[in-house]
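The lines below spell out each chain.
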Amino acid sequence: MKISTRSEPFDIPKYSLTGDLLAYRECGLQYRFNNKGSMPPSTPVQLWFGEFIHGVMEEGFLRWKNGLFDIDQITFEEAQKISVSVAERLEAKGLKPYANLFLKEDRGDLKCKNFLANIRAFRSLQVWAPHLFPLVEGNEIQLEGIRPMPDNPLGTRSDYYAVTGVADVITSIKINNITPKNRIVQYLMENDRIKDYIDTYDEFEVIIDYKGTMRPNLNDKNWENHQWQLLTYMWLRKQQLIAEGKDYPVIGGFLLYLSELHPSEEFNRSFIKTVNDHLTDVIPTGPDLELVKAGKATRDRFQIKRSFRVIPFDDQLVETALYSFDNTVKEIETNVQSEIRDSKDVMSHWKGEYKQENCTACDAKTFCP
């Protein structure tokens, strides 16, 4: 009697929305060396602030949930304790901030309240924690879905690929629990599409994603990339809810651009050009416009408004996002297959794009064309 052997395990390629698809769209060459090449940057300062601000919001939520943190009376000192805790965890992973970005403790004339990352951490908690944390249903939610692999003349490794992501926060909101004083609810209701959803459904979900960056200009590809990312999260979450037998919808999501809560002096000086060139959707008026013309920081309310970007659920826009990421996967798979056929010149198979903030800290800058 012949005993059959176990078949080989069947794996399909997995693509992370942020670690793969958005990283590749930012720069194909950097993606090849850092992700596909398993060559992490020697000084990954680019990663630090994004992970830091995510960690601050997550740690703040966990402390509040366990009764260790009062979101209605947030002090700089309390925020600093959270910031130091997160920074030390990142340091253990080999992630460190660049000089003059973050300070663990006051040292003589050097004060934590004067450092950009310290202030932004405090402002993020101060502005958004009181309104966001009470709405949180879950944080760091793993999402995954299967998509058909796009056709490729060079061949593919599988008929399907998995798209994965992590939703920073998911809120499950019941209409009778909504308080009109909640800033997030107020901003959501300003969007006509979202308001229609809220008027229609008694219970619904909203997805939130933190960004440790400034709000992108309208001509910046990240303006579109961030929308596609959030729409794809909505699609993934919708499939997840259906699989769990839950009948309430995902009505939309919003992005929190947390760096907007304390812009750098360099940004303040350059923002007038963005306004004059009509490259922003949140336009300063009155006293804020005068401050922008003077190259100074705008008022608190305007900064908060710029930090919030709502994106309603829309079937057509979701399909556009999925199609765009399908094409990104096709490009990556084509490059992989092309390199397999001729591995003598890696850079001939991957496209790069110059962007000062990316290239300055990139290890490939000494040889990248």
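Residues numbered from 1 in each chain as written. Predicted model: local features only at pLDDT ≥ 70, side-chain atom pairs only at ≥ 80, totals over all residues. Heavy atoms only, no water.

Chemist: Teacher, can you tell me more about the overall build of the chain here?
Modeler: Counting secondary structure elements, the chain contains 13 helices and six strands. Its C-alpha atoms give the chain principal-axis dimensions of about 75 × 55 × 45 Å. Looking at the chain as a whole, 49% of its 369 residues qualify as buried. Long-range pairs, those at least 24 residues apart, make up 76% of the contacts in the chain with a sequence separation of at least 6. Approximately 19700 Å² of the chain is accessible, and the part contributed by carbon and sulfur atoms is 49%. (Helix = DSSP H or I, 4+ residues; strand = E, 2+ residues; numbered from the N terminus. Buried < 20%, exposed > 50% of the residue type's maximum accessible area, 1.4 Å probe, protein only. Contact = heavy atoms within 4.5 Å. Areas by Shrake-Rupley, 256 points an atom, 1.4 Å probe, with all protein chains shown as cover.)

Chemist: Whenever I open this one, the packing of helix 1 (residues 17–26) against helix 12 (residues 315–341) confuses me. Can you help?
Modeler: Packed helix pairs are specified by the crossing angle of their axes together with the interaxial distance, meaning the distance between the axes. At a minimum axis separation of 10 Å, helix 1 and helix 12 run at an interaxial angle of 80°. With respect to each other, helix 1 and helix 12 are oriented roughly perpendicular. Every residue of helix 12 that contacts helix 1 at L17, D20, L21, L22, Y24 and R25 is listed here: S324, F325, T328, V329, E331, I332 and N335. For the contact of helix 1 with helix 12, the class distribution of residues is seven nonpolar, three polar and three charged. (Axes fitted to C-alpha atoms, helices over the stretch in contact; angles between N-to-C directions. Parallel < 35°, antiparallel > 145°, perpendicular 65-115°, else oblique. Nonpolar A, V, L, I, M, F, W, Y, C, P; charged D, E, K, R; others polar.)

Chemist: When you look at the pattern of salt bridges in this model, what are you seeing that I'm missing?
Modeler: For side chains bearing opposite charge, pairing can occur when the charged atoms are close. Per the counting criterion, the structure on display carries 21 salt bridges. For R306, the salt bridge is made with E260, and the minimal N-O distance between the two is 2.9 Å. Highlighted residues: R306 in helix 11 (residues 300–307) and E260 in the loop between strand 5 (250–257) and helix 9 (265–276), separated in sequence by 46 residues. Residue R306 is classed as buried on the basis of its relative accessible area of 2%. Look at E260 and you get buried, because its relative accessible area is 1%. Salt bridges here are not isolated pairs; linked through shared partners, they connect E59, R63 and R89. (Salt bridge = Lys/Arg side-chain N within 4 Å of Asp/Glu carboxyl O.)

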